[in-house]
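# Structural description and commentary
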Amino acid sequence: MSIGRAWVLGATGQIGRVAVRALVEDGWEVTAASHGGGRDERWDGAVRTMALDRNEDGALAAALGDGCDVLVDLVAYGADHARQLTGLADRIGSAVVISSGAVYADDQGRGFDTHDEPDGAPRYPVPIPETQRTVPAGDTTYATRKVRLEQDLLAAGEALPVTLLRAGAIHGPHCRSPRELYFVKRVLDGRARRVLAFGGTSRFHPVHVSNLAELIRLSARRPGSRVLNAGDPQAPTVAEIGEAVDAVLGRRTENVLMAGAPGEDGVGATPWSGAHPIVYDLAAAERELGYRPVTGYVESLPETVAWLAGQLEGRDWTEAFPVLLRLYGKRLFDYAAEDAWLESYDRGA
């Protein structure tokens, strides 16, 4: 027997594929809406799919009909989407919306988009609580748009109870910008050594899609207006991540540790690199939702690595992951620059 009607926006994305499955298994009657209207092969046949462009005027309102008990929004950004959801508050029992840990600012007001510090990174408390200040709301960057979304949704109060999940570095299959590719591709290409800036100690708290789906499931069961951090039980260092990928692929790669920041050639920079750790406090999620992670980083890695290796078969990484290329550029795998740096390193220069 269904416990209620759930709507998922962005259902065929990385998070949505797992979230839909988690909600169905929990007893929800799920409508999976996405731009293309597709479905994941592992979804239950009872999942209703729908093609929907939420940015088309009136489209979401028309599709919702008489409403739902919970709406899970995985693709919301900025004031327009907040206005869209609050405008439908009379037809939405509660909402669960994905935000980002990128909203945080340090005590000096420096955030992810700030580059005026010599080492290029803000200094956050470890771990970062939800009470930590955020960057100002706005419409110019990813982080400022997420803050605007949060503030406008929370302002709805009891009219629309909303749980905002501030996700860490999301990982798992179907990621369009998989950070793990940095290590997987190097192993598959037979690279014997890898250069890691900041002594390989950088930490950027990850969250596996299964853990995010569990938080979504719990939030749907316990409606409320709140912001919660979303993360894995561990926040490994970048060196530990590289070693874990090696273990999955049965290889051993030497870590060459660079004492400071990457140079202008980008050697030593990874998608996790930062001078100071970014670790999220999960105590509030544990306390308010009874959150217990369903997997850890190392435990989840084999499936991710297998998926990444499959995506690379027969095509270049730039074709397989154009979003990753746009974010980091071809310097992510500039082996010529790495080899030149290593040659100088070996000479003691």
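As the structure is a prediction and not an experimental result, all values here were calculated from the model. (Residues numbered from 1 in each chain as written. Predicted model: local features only at pLDDT ≥ 70, side-chain atom pairs only at ≥ 80, totals over all residues. Heavy atoms only, no water.)

### Examining the overall build of the protein
The helix and strand inventory of the protein stands at 12 helices and 11 strands. At 21 Å, the protein has a C-alpha radius of gyration in line with the 20 Å of a compact globule built from 349 residues. Based on the C-alpha atoms only, the size of the protein along its principal axes is roughly 70 × 45 × 35 Å. A buried classification covers 54% of the 349 residues belonging to the protein. In the protein, the share of contacts with a sequence separation of at least 24, taken over all contacts with a separation of at least 6, comes to 76%. With 37 positive and 48 negative side-chain charges, the protein shows a spacing of 1 Å between the two charge centroids. (Helix = DSSP H or I, 4+ residues; strand = E, 2+ residues; numbered from the N terminus. Rg over C-alpha atoms; globule rule 2.2 N^0.38 Å. Buried < 20%, exposed > 50% of the residue type's maximum accessible area, 1.4 Å probe, protein only. Contact = heavy atoms within 4.5 Å. Lys, Arg positive; Asp, Glu negative; His and termini not counted. Charge placed at Lys NZ, Arg CZ, Asp CG, Glu CD.)

### Describing helix α4 (residues 142-154)
Side chains of residues three or four places apart in an α-helix project in the same direction, reflecting 3.6 residues per turn. The end-to-end C-alpha separation of α4 is 18 Å, in line with the 18 Å expected for 13 residues at 1.5 Å each. Here α4 has its buried residues at A143, T144, K146, V147, L149, E150 and L153. Where the residues of α4 are buried, they touch α3 (78-86), β5 (92-100), β6 (162-167) and β10 (226-230). (Expected span 1.5 Å × (residues − 1).)

### Let's talk about the side chain of Q14
Secondary-structure assignment places Q14 in helix α1 (residues 14-26). Of the residues examined, Q14 reaches a relative accessible area of 13% and is grouped as buried. Once you skip the residues sitting within four places of it in the chain, Q14 turns out to touch I170, H171, G172, P173, H174, C175 and V209.

### What about the packing of helix α5 (residues 181-188) against helix α9 (residues 297-312)?
Where α5 meets α9, the axes come as close as 10 Å, and the angle between the chain directions of the two elements is 60°. Judged by the sense of rotation from one axis to the other, the crossing of α5 with α9 is right-handed. The segment α5 lies against α9, with L181, V184 and L188 engaging V305, L308, A309 and L312. (Axes fitted to C-alpha atoms, helices over the stretch in contact; angles between N-to-C directions. Left-handed = near helix turned anticlockwise from the far one by under 90°.)

### Details of the pairing of strand β4 (residues 68-73)
Counting buried residues in β4 gives 5 out of 6 residues, a clear majority hidden from the surface. Direction of pairing for strand β1 (residues 4-9) relative to β4: parallel, over a ladder of 4 bridges. Paired with A6 across the bridge in β4 is V70. Judged from the 5 bridges that link them, β4 and β5 form a sheet pairing that is parallel. Among the inter-strand pairings, C68 is bridged to a residue of β5, identified as I92. Tracing the backbone out of β4, into α3 and back to the parallel element β5 gives a crossover that is right-handed. (Pairing = 2+ DSSP bridges. Right-handed = clockwise from strand over helix to strand, strands pointing away.)

### Points about the nonpolar core
Counting residues in hydrophobic clusters, the biggest one holds 37 residues, and the most contacted among them are L181, F183, W272, W317 and F321. Contributions of two or more residues to this core are made by α4, α5, α7 (238-249), α9 and α10 (317-320). With 6 residues, α9 is the largest single contributor of residues to this core. Apart from the residues lying within four places of it in its own chain, the contact partners of F183 are R194, L196, V238, I241, G242, V245 and W272. The next biggest cluster of nonpolar side chains, apart from the first, holds 36 residues, and it includes A19, V30, L215 and I216. (Core = buried A, V, L, I, M, F, W, Y, C linked by side-chain atoms within 4.5 Å.)

### Some details on the packing of α1 against helix α6 (residues 209-221)
Two elements in contact, α1 and α6, have axes whose closest approach is 8 Å; the angle formed by their N-to-C orientations is 45°. The angle between the axes of α1 and α6 places the two elements in the oblique class. In this structure, α1 crosses over α6, and the sense of that crossing is right-handed. Residue-level contacts link Q14, I15, V18, A19, A22, L23 and D26 of α1 to V209, S210, L212, A213, I216, R217, A220 and R221 of α6. For the contact of α1 with α6, the per-class residue count stands at 10 nonpolar, 2 polar and 3 charged. (Parallel < 35°, antiparallel > 145°, perpendicular 65-115°, else oblique. Nonpolar A, V, L, I, M, F, W, Y, C, P; charged D, E, K, R; others polar.)

### Here we look at unusual backbone geometry
Note the cis peptide between V126 and P127, where omega equals -5°. For P127, the position within the fold is in the loop between β5 and α4. Despite not being glycine, H174 shows a phi value in the positive range, around 70°. Along the chain, H174 falls in the loop between β7 (169-171) and α5. In this structure, F198 takes a positive phi of about 55° despite not being glycine. Summarising the element assignment, F198 is placed in the loop between β8 (193-196) and β9 (206-208).

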